[in-house]
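Residues per chain are reported as follows:
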Amino acid sequence: MEALQSISIIELDLQDDLIVSWTYPSISEDLQQIIAQRSLLKEQNTNFQEFSFSKFQSTWIYIYSYAFKKESKSLPEIKAFSIALLAQEFHPEKYKALAKLLSKTYRRKGNPLHILEQYLSVFSQGKWDNFNISSFDRAKALSATSINEIITLFGEDFMLIWCALMMKKNIVVFSHNLDEVLKIIRGLPLFVWHRENFDILRPFVQINNIQLQDLQSTLGWVAGFTDPDIRKQNFYDVFVDLTTKTIEVGERAQGQIVLTEEQKSLGQTIFAAVESGKKSDQAIIKALTRKNKEFISKIKSISGENQLTIETIQKLNLPKPTEIFVLSLASAEGIL
Amino acid sequence: MEQVDEIILLSLNQIGLEIPDVSSITEEVFTSDLVIYITASCMNLIDKSLKIPLKFSNEMSQRFRACTNLSKTIKDHGYQKQISYSFFLYPNVDQMRDLFLWMVELLPKQEDEEVMATTGVSILRQIKISIFEWSESKEKTILKPKISTVRLVTPLSFDLQKNSKSKRYCQRLLPLISSQTRRISLSDSVIETNDIGCVLKREEENEWNNEVLDSGLSLQEFQLRKKKKAMGIVSKALQSSITQMNQKYSLSSFFEQERQNNFKNKMFQGSRFANLAKYGLDRKDKFKFSENERPKNEKENIENKEKEKAKTGPIIEEMDPEKMMQKLKEKHQEEVSEIQTKIKDYTDKTAQIENETRNYLDMLIRFEKQLEEMNKTIEDLEKEYQVRKRIQDFLPNHEENIQILQQNIQSSQSKILNLAGQWEKHRLQLLEKYRNRKKLASSQNEMWKGRLEEIKELREDSKTLSQTIQQRNTFYTQLLTEFKKLPKKSYRTNYTKQIFDIVKNVKKQKGDIDKVLLETHDLRKEINRLNGALSRSHLLADEMIYPMAEKDDLGTGAKQVYFLFDKMHKLFETIIQDIQQRGKTSNEIRNLEIEVDNLKRKDATTSLKKISKDLSQMQSGNTELQNQLKKLKKSKDSKK
């Protein structure tokens with residue numbers, strides 16, 4: 001299991017002190033800080049988060065937490081702890097299962113040595129006891145959230161998400177409930193399935209310097225937030241509010257993310273198909289992908305065999321929103 | 001009696017009454033007015049609800065009424081001895097003494113201190129209040145003078161002990177405060193500088209008490225933090241004002257403003273055109289657009305139009321002035337709308353360009369990212385290539401090699417586990433240490449907090465204590481000065497000695513009285529015994545003689561004896577009665593003598609004279625009143 005990078009134990013002791021007590025192999029201090037923050041152990045009394053997945057720089061972070069209901073014999077000093085797995089691939093189910101297994105071992109034995117043993121076994125052989133990585137399918141992980149569900153959630157407005165994704169704009173997904181955010185956010189890359197890129201996801205970001213800096217170092221991200229203060233920030237293009245089920249275009253992208261008539265009618269037909277319940281997720285994804293590819297090939301055909309330039313697009317004298325869309329899509333697809 | 005008088009006079013002096021400096025109470029000094037004054041002020045002090053005037057009228061009848069009331073109030077307050085209006089009109093020494101003593105005893109004890117304090121403190125307070133009131137009233141009536149102050153620099157503004165340079169400066173160069181300011185504002189400036197110093201000190205003290213102690217930082221750290229905060233606030237204010245300025249003078253708003261200005265100018269100038277045309281003046285001078293701020297082609301445009309107008313000028317001159325005005329107005333409207341649309345175009349264009357540049361910037365960043373990604377993939381591919389190459393090398397003997405690899409893995413795993421086990425021991429120890437320290441720190445923190453609270457309380461206590469000490473000190477100094485002012489002869493020890501002497505005397509006299517009482521008792525006993533013996537012997541004699549007298553028919557003289565005996569007995573009884581009567585009368589004589597003495601002492605003749613004088617005064621007053629009454633009646637009758 002090459003993708004697996006590191007394992008850490010984060011502990012919250014009786015004095016409410018949170019420390020990353022054990023890691024193998026060692027990780028950077030930034031990462032230590034990030035996993036401690038994202039474990040949400042400090043907030044465990046009010047808002048206990050069992051499992052979360054997130055991304056920092058190019059590393060996926062999977063955190064599984066456990067809170068003791070009464071004093072534990074093996075870990076008497078500790079109120080709650082988290083197992084954090086760092087990996088280079090997106091596969092929440094697989095890492096949740098592994099983290100759960102490790103968490104169980106740690107709370108029974110109270111000794112990281114046993115965890116290390118399991119970790120090494122999984123790392124080198126891909127299995128331990130009942131856990132076997134071959135039983136986890138990557139395709140399933142990618143399509144775990146139903147695209148139909150997202151479309152029905154927002155109605156025809158889902159095309160705004162699609163448009164933003166196609167143009168590689170920055171999208172914020174907000175809800176007070178992290179599980180909800182995580183569920184919806186992993187479905188968004190399905191709208192641009194032709195890219196098959198889940199690295200644009202930043203499923204859980206907190207508002208502090210390190211995390212926001214990391215987020216802004218990339219472009220075209222889709223980030224999940226549970227802190228309502230995110231609305232005050234101005235670096236996003238589209239704001240997806242799960243609490244009110246609305247999609248807003250941010251100040252920055254006013255006049256840029258505007259649906260053309262063609263896009264609107266496409267949205268209506270897709271929404272109607274989803275509403276009718278006759279089309280499966282797969283069919284919808286396929287249809288969208290086909291459409292996406294059509295758009296791209298159209299853009300490619302503009303310049304014929306020559307290299308596409310901005311000037312050639314501008315010479316077409318397209319309506320402003322369409323021109324912006326074409327330019328952004330071309331640059332996003334690397335045609336330009 | 002003089003000692004009693006001294007005590008009374010001293011106590012009266014202490015409550016702040018104005019009494020002539022004498023050592024004893026005499027009728028010459030203590031006139032009716034003075035007695036009334038003393039009594040009234042004492043009674044006012046004893047019963048705060050009373051408000052007896054300290055001086056009565058000289059009109060006899062009113063005075064009489066007031067004195068009657070005063071004597072009544074004194075009786076109501078429990079004065080047992082006899083007192084009436086006559087005492088206040090014609091005071092005598094004994095009654096004065098009794099009354100004064102009674103009043104001095106009745107003066108509330110704890111009030112003594114207050115009274116003592118009031119003599120000093122209250123006078124000061126009263127002075128302050130009266131000054132304040134005076135200044136208030138002045139402030140209302142007199143216009144306030146203008147106060148102008150200058151911040152004075154004094155050696156106190158420098159830390160002289162640390163900085164020798166500033167010390168030198170203060171010694172050699174610092175101008176006197178009188179030359180730092182104009183003469184008029186000198187006193188104001190001095191007062192202000194002192195005030196600032198006081199306020200600063202107090203603020204520092206407050207800050208130290210409330211914020212520094214709470215924050216748990218050292219003074220220097222706290223000051224640093226405060227400085228940072230202040231700088232932050234200043235920089236924020238600056239930034240916000242800069243952004244406001246930017247917004248105010250940003251491109252779009254500039255255009256907007258410009259457009260409006262132009263419009264106004266045109267309107268204004270439009271009205272002027274008629275005049276210009278009339279007077280045939282050169283319009284170019286009057287056409288002052290803000291030329292520098294306008295795009296070039298627009299300027300040219302305007303110039304062209306001006307030229308055109310200059311050409312049409314003479315024609316307009318010939319036309320009807322109203323029509324001309326109309327035409328000019330229309331032309332200008334056209335011009336204005338043309339320029340407006342142009343400006344709008346320009347703003348739109350700039351916005352578009354801004355948008356485009358933003359888009360291009362975005363794209364640029366994206367391209368850079370792509371480049372980076374490509375480089376990364378190249379690196380990855382190179383790595384993969386290396387691995388594949390190794391695998392290729394291993395392939396010929398793959399089974400063996402796999403086994404070797406697995407063995408390697410196993411051994412490195414066990415090595416890692418071993419190392420981890422060793423590390424675990426240290427880690428656990430360190431973790432435990434860390435947690436213990438943390439616990440200790442938190443408990444210590446709580447302890448410090450408790451200590452801090454204690455310190456705060458102590459500081460409060462010390463503050464209040466120092467305040468009370470100060471109060472006591474001032475009180476003490478007041479008392480001391482008052483004590484120094486007091487007449488030296490009336491020392492307490494002296495009094496107590498005298499009291500002890502008096503008590504001794506009283507004891508001696510009591511012993512004498514007891515002796516006399518015993519003697520009289522003995523005498524009474526003796527008298528009783530003698531009486532008994534007498535009656536018994538009388539009975540015996542009677543019994544002996546009476547039968548003999550009964551039997552004496554022969555006239556032996558027994559009968560005569562009996563008669564004589566009886567007569568003798570009666571005579572003796574009268575003698576006894578006489579003696580008793582004599583004792584009583586001698587007692588009476590003595591009482592009368594004492595009374596005579598008393599009366600002599602009262603000096604009846606002088607008081608009689610006074611009384612007769614007052615009586616005549618009253619009588620004359622009465623006749624006057626009667627006359628007035630009569631007059632009134634007469635006037636009434638005549639009216640009828």
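Details of the structure are given in the entry above.
Because the structure is a prediction, the values reported are computed rather than measured. (Residues numbered from 1 in each chain as written. Chains lettered and ligands numbered in written order. Predicted model: local features only at pLDDT ≥ 70, side-chain atom pairs only at ≥ 80, totals over all residues. Heavy atoms only, no water.)

**Q** Tell me about the pairing of strand S12 (residues 246-249) of chain A, and name the residues and values.
**A** Bridge count between strand S11 (residues 238-241) of chain A and S12(A): four bridges; the pairing is antiparallel. In the sheet register, Phe239(A) faces S12(A), and the bridge partner there is Glu248(A). (Pairing = 2+ DSSP bridges. Helix = DSSP H or I, 4+ residues; strand = E, 2+ residues; numbered from the N terminus.)

**Q** Go over the sheet that holds S12(A), please, and point to the residues and values.
**A** Pairing between the strands of a sheet is mediated by backbone hydrogen bonds and can be parallel or antiparallel. Residue and element names in this part refer to chain A. On the basis of which strands lie adjacent, the open sheet formed by five strands has the order S9-S10-S8-S11-S12 and mixed pairing. The two strands at the open ends of the sheet, each matched to only one other strand, are strand S9 (201-202) and S12. As judged from the four bridges shared by strand S8 (residues 171-174) and strand S10 (residues 222-225), these two strands associate in the parallel manner. Within S10, the residue paired with Phe174 across the bridge is Phe225. Against the sheet, helix H6 (residues 158-166) makes contact with S8, S10, S11 and S12, and its axis sits at roughly 45 degrees relative to S12, the strand it touches most. (Contact = heavy atoms within 4.5 Å. Axes fitted to C-alpha atoms, helices over the stretch in contact; angles between N-to-C directions.)

**Q** Quick rundown of the pattern of salt bridges? Include the residues and the values.
**A** Tallied over the full model, the rule gives 28 salt bridges over all chains. Residues Glu93(A) and Arg186(A) are paired through a salt bridge, measuring 2.9 Å at the closest nitrogen-oxygen approach. In this pair, Glu93(A) is assigned in helix H2 (residues 92-109) and Arg186(A) in the loop between helix H7 (178-185) and S9, connecting sequence segments 93 residues apart. You can call Glu93(A) partly exposed: its relative accessible area is 33%. One connected set of salt bridges, linked through shared partners, spans Glu11(A), Asp13(A) and Arg435(B). (Salt bridge = Lys/Arg side-chain N within 4 Å of Asp/Glu carboxyl O. Buried < 20%, exposed > 50% of the residue type's maximum accessible area, 1.4 Å probe, protein only.)

**Q** Before we move on, can you summarise the interface of chain A and chain B with the specific residues and values?
**A** Opposite the 38 residues of chain A that make contact, chain B presents 28 residues. Interface of chain A and chain B: buried area, both sides summed, is about 2800 Å²; carbon and sulfur atoms make up 53% of it. In this structure, Lys320(A) engages Glu356(B) in a salt bridge whose closest nitrogen and oxygen atoms are separated by 3.4 Å. Across the contact surface, chain A and chain B share 14 residue pairs in polar contact (both at pLDDT 80 or more). At the level of elements, strand S1 (4-13), strand S2 (18-24), helix H3 (112-125), helix H11 (310-315) and helix H12 (320-333) of chain A are the ones that each hand at least two residues to the side of chain A that touches chain B. Split by residue class, the side of chain A that touches chain B holds 15 nonpolar, 14 polar and nine charged. (Buried area = accessible area lost by both parts, 1.4 Å probe. Polar contact = N/O pair within 3.5 Å; in protein donor to acceptor, adjacent residues only side chain to side chain. Nonpolar A, V, L, I, M, F, W, Y, C, P; charged D, E, K, R; others polar.)

**Q** I'd love a proper account of the packing of aromatic side chains, names of residues and values included.
**A** Residues and elements named next belong to chain A. Going through the model one piece at a time under the given rule, you end up with 25 aromatic pairs over all chains. Ring geometry for Phe68 versus Phe81: centroids 5.9 Å apart, planes at 40 degrees, classification tilted. One end of the pair, Phe68, is in the loop between strand S4 (59-67) and strand S5 (78-87); the other, Phe81, is in strand S5, and 13 residues separate them in sequence. A relative accessible area of 16% means that Phe68 is categorised as buried. The rings of Phe51, Phe53, Trp60, Phe90 and Phe198 are connected pair by pair, giving a single aromatic cluster. (Phe/Tyr/Trp six-rings, centres within 6.5 Å; stacked < 30°, edge-to-face > 60°.)

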